[in-house]
Amino acid sequence: MNIAIIGAGLMGHALALVFAIGGHRVTLTDNSAEALARAPGLMEKARGTLEGAGEAGGLSAAALRERVTLHPTLAGAVAEAGMVIEAIIEKPEPKRALYAELDGLMRPDAILASNTSYLDVFPLMPPARLPRAIIMHWYTPPYLVDLVDLVGSPECPEALLEEVRAMLAAMGKVPLVMRRFLPGYIANRLQSALSLECYRLMDEGYATPQEIDEAIIHGLGLRMLLLGQMAKSDLTGLPLSAQALANRMYEPPKPRGHSDTLDRALAEGRTGVMAGRGLYDWGGEDPATLLAERDRRLLALKRAFREIGPMAGHAQTPQKA
Ligand SMILES: NC(=O)C1=CN([C@@H]2O[C@H](COP(=O)(O)OP(=O)(O)OC[C@H]3O[C@@H](n4cnc5c(N)ncnc54)[C@H](O)[C@@H]3O)[C@@H](O)[C@H]2O)C=CC1
Ligand SMILES: O=C(O)[C@@H](O)C(=O)[C@H](O)[C@@H](O)CO
């Protein structure tokens with residue numbers, strides 16, 4: 001399929017690589033010439049890391065350049081596309097404006113997909129596009145994290161969602177179809193709840209970022225990879241889960257809409273790896289080198305886990321809840 005990706009940022013360039021590895025032809029555009037110009041180098045860096053681990057699907061550097069075409073204009077990018085993926089800034093109004101512009105440029109039969117993390121984008125889209133509109137939410141980096149949240153618009157037929165689900169499965173991804181839209185789907189909602197607690201622990205001086213990550217990496221992470229949270233509860237015994245609920249000893253933090261820890265970091269320009277410092281000081285290490293090292297280690301974990309396999313999820317025969 002011809003795939004057009006709008007937005008060549010952190011996600012857009014990586015999605016271009018994923019679909020190129022999946023054998024699709026990709027057009028990529030961005031309203032920032034600088035962001036668009038950065039994309040080929042970022043894609044090749046990631047492709048090289050994947051190839052080094054035998055995970056590039058046989059996509060050579062030359063084939064990547066051939067399969068992904070950069071377009072300076074929206075019209076040029078979407079003219080032939082059977083699917084248009086929006087991966088621009090997570091703000092409603094720029095998305096609404098883009099969908100309106102796309103409506104006059106896309107093929108009538110093209111699927112309009114959004115990579116939005118939380119927004120209900122369907123009310124932002126031209127009504128005539130809704131029968132072929134979906135949310136297709138990926139996780140960073142999408143060439144390594146296999147989960148893809150799929151949600152159809154209220155007018156999207158099951159058959160279309162199944163067509164996209166099958167396409168993603170054929171690409172080796174793990175599409176998870178939500179029966180109806182919920183901000184953040186499943187994994188992003190869990191991440192949001194976890195983040196709220198993390199910011200509470202830091203804001204109220206209970207824990208440092210390092211201590212929080214120690215607790216996750218050496219406490220929760222290993223089991224979660226194998227069991228998720230629900231199978232883990234089965235192995236622990238559900239009476240304990242029920243008792244923990246009954247004891248009400250845990251009260252989730254009330255959302256404050258901000259975090260003092262985050263506010264301080266942002267005020268000091270500590271915006272994350274790209275700035276050399278965030279909640280950690282990355283010692284001025286080159287961000288591309290750090291991201292490549294992240295990818296190298298994630299690949300080693302994925303390879304080992306492919307041998308081990310999960311003990312939960314669809315790999316198991318779940319009890320009817
Ligand atoms: N960063 C992440 O980890 C993830 C982000 N997402 C979602 O993906 C979307 C993009 O996120 P990122 O890639 O992180 O953002 P980003 O800021 O890295 O990239 C967005 C790109 O879109 C371009 N852009 C903005 N308005 C545009 C327009 N009207 N036309 C064409 N290009 C335009 C910008 O120049 C920028 O290069 C957001 O909706 C975000 O919630 C989803 C999963 C993970
Ligand atoms: O973690 C991810 O890659 C995705 O869940 C995302 O949508 C973004 O990171 C989002 O959670 C940022 O708030």
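What counts and what doesn't
- Residues numbered from 1 in each chain as written.
- Chains lettered and ligands numbered in written order.
- Predicted model: local features only at pLDDT ≥ 70, side-chain atom pairs only at ≥ 80, totals over all residues.
- Heavy atoms only, no water.
- UniProt positions renumbered as here; feature names shortened; annotations may be inferred.
- Helix = DSSP H or I, 4+ residues; strand = E, 2+ residues; numbered from the N terminus.
- Near = heavy atom within 4 Å.
- Polar contact = N/O pair within 3.5 Å; in protein donor to acceptor, adjacent residues only side chain to side chain.
- Areas by Shrake-Rupley, 256 points an atom, 1.4 Å probe, with all protein chains shown as cover.
- Pairing = 2+ DSSP bridges.
- Axes fitted to C-alpha atoms, helices over the stretch in contact; angles between N-to-C directions.
- Contact = heavy atoms within 4.5 Å.
- Nonpolar A, V, L, I, M, F, W, Y, C, P; charged D, E, K, R; others polar.
- Buried < 20%, exposed > 50% of the residue type's maximum accessible area, 1.4 Å probe, protein only.
- Phe/Tyr/Trp six-rings, centres within 6.5 Å; stacked < 30°, edge-to-face > 60°.
- Parallel < 35°, antiparallel > 145°, perpendicular 65-115°, else oblique.
- Left-handed = near helix turned anticlockwise from the far one by under 90°.
- Salt bridge = Lys/Arg side-chain N within 4 Å of Asp/Glu carboxyl O.

Participant: Can you tell me about the UniProt feature "domain: 3-hydroxyacyl-CoA dehydrogenase NAD binding" (unreviewed entry) in the chain, naming the residues and giving the values?
Facilitator: According to UniProt, the feature "domain: 3-hydroxyacyl-CoA dehydrogenase NAD binding" (unreviewed entry) maps to residues 2–179 in the numbering used here. Structurally, residues 2–179 comprises 38% helix and 21% strand, and the distance from its first C-alpha atom to its last is 27 Å.

Participant: Go over the site of ligand 1 with me, naming the residues and quoting the values.
Facilitator: Neighbouring ligand 1 are 19 residues, the closest being Leu10, Met11, Asp30, Glu90 and Ser117. Here an oxygen atom of ligand 1 sits 2.9 Å away from a polar atom, N or O, in the main chain of Leu10. In the model, an oxygen atom of ligand 1 is placed 2.7 Å from a nitrogen or oxygen of the Ser117 side chain. Out of a free accessible area of 830 Å², ligand 1 has 74% covered by protein chains.

Participant: Which residues make up the sheet that holds strand 4 (residues 83–86), and what are the values?
Facilitator: Pairing between sheet strands relies on hydrogen bonds along the backbone, with the strands arranged either parallel or antiparallel. Here we have eight strands laid out as an open sheet, ordered 3-2-1-4-5-6-7-8, and mixed in their pairing. Looking at strand neighbours, the two that pair on one side only are strand 3 (68–70) and strand 8 (174–177), the edges of this open sheet. Direction aside, neighbouring strands of the sheet carry axes that sit 25° apart on average. Each of strand 1 (2–6), strand 2 (25–29), strand 3, strand 4 and strand 6 (133–138) touches helix 1 (residues 12–21); the most contacted strand, strand 2, lies at about 170° to it. Its contacts with the sheet put helix 2 (residues 33–52) on strand 2 and strand 3, and the angle it makes with strand 2 is roughly 140°.

Participant: If you had to explain unusual backbone geometry to someone new, which residues and values would you point to?
Facilitator: Residue Pro141 is reached from Thr140 by a cis peptide bond, and omega for that bond is -5°. Within the secondary structure, Pro141 sits in the loop between strand 6 and strand 7 (147–152). Not every positive phi belongs to a glycine, and Tyr185 is a case in point at roughly 60°. With respect to the helices and strands, the residue Tyr185 is situated in the loop between strand 8 and helix 7 (187–203). The backbone phi angle of Arg248 is positive, close to 50°, even though this residue is not glycine. Relative to the helices and strands, Arg248 resides in the loop between helix 10 (238–247) and helix 11 (260–267).

Participant: For the site of ligand 2, give the residues involved together with the corresponding values.
Facilitator: Lining the immediate environment of ligand 2, one finds Ser117, Tyr118, His137, Tyr139, Thr140, Asn188 and Gln191. Within the contact set of ligand 2, an oxygen atom lies 2.7 Å away from a side-chain nitrogen or oxygen of Ser117. Between ligand 2 and Gln191 there is a distance of 2.9 Å, counted from an oxygen atom to a side-chain nitrogen or oxygen. Contact with the protein chains hides 63% of the accessible area of ligand 2, taken as 330 Å² for the molecule alone. For the shell around ligand 2, the residue count by class is two nonpolar, five polar and no charged.

Participant: Help me get a handle on the environment of Asp286, residues and values and all.
Facilitator: Position of Asp286 relative to the elements: it lies in the loop between helix 11 and helix 12 (287–308). With relative accessibility at 40%, the residue Asp286 sits in the partly exposed group. For the pair Asp286 and Tyr199, spaced 87 residues apart in sequence, the C-alpha separation works out to 27 Å. At 2.8 Å, the side chain of Asp286 and the side chain of Thr289 are in polar contact.

Participant: Could you give an account of the packing of aromatic side chains, with specific residues and numbers?
Facilitator: For the structure on display, the rule yields three aromatic pairs. Aromatic pair Phe181 and Tyr185: ring centres 6.3 Å apart, planes at 80°, arrangement edge-to-face. Taken together, a centroid distance of 5.5 Å and an interplanar angle of 35° make the contact between Tyr280 and Trp282 tilted. Overall, the relative accessible area of 33% leaves Trp282 in the partly exposed class.

Participant: Residue-level account of the environment of Thr116, with values.
Facilitator: Locating Thr116 in the fold gives a position in the loop between strand 5 (111–114) and strand 6. The exposure class of Thr116 is buried, given its relative accessible area of 0%. Separated by 113 residues in the primary sequence, Thr116 and Gln229 place their C-alpha atoms 25 Å from one another. Discounting chain neighbours no more than four positions away, the residues touching Thr116 are Glu90, Lys95, Val121, Ile135, His137 and Tyr185. Engagement of the side chain of Thr116 in a polar contact is seen with the backbone nitrogen of Tyr118, the distance being 3.5 Å.

Participant: Before we move on, could you go through the packing of helix 2 against helix 12 and cite the residues and values that matter?
Facilitator: Where helix 2 contacts helix 12, the two axes come as close as 10 Å, and the packing angle between them is 30°. Taken together, the axis directions place helix 2 and helix 12 in an arrangement best described as roughly parallel. Remark: the crossing between helix 2 and helix 12 carries right-handed chirality. Of helix 12, the residues touching helix 2 (which contributes Lys45, Thr49 and Leu50) are Ala288, Ala292, Asp295, Arg296 and Leu299. The residue makeup of the contact of helix 2 with helix 12, split by class, is four nonpolar, one polar and three charged.

Participant: Talk me through the pattern of salt bridges; I want residue IDs and the actual numbers.
Facilitator: Scanning the entire structure with this criterion turns up 21 salt bridges. Among the salt bridges present, the one from Glu34 reaches Arg38, with a minimum N-O distance of 3.3 Å. You can see Glu34 and its partner Arg38 sitting in helix 2, four residues apart, about one turn around the helix. A salt bridge links Asp295 to Arg294; its shortest N-O distance comes to 2.8 Å. Connected through shared salt-bridge partners, Glu44, Arg47 and Glu51 make up one network.

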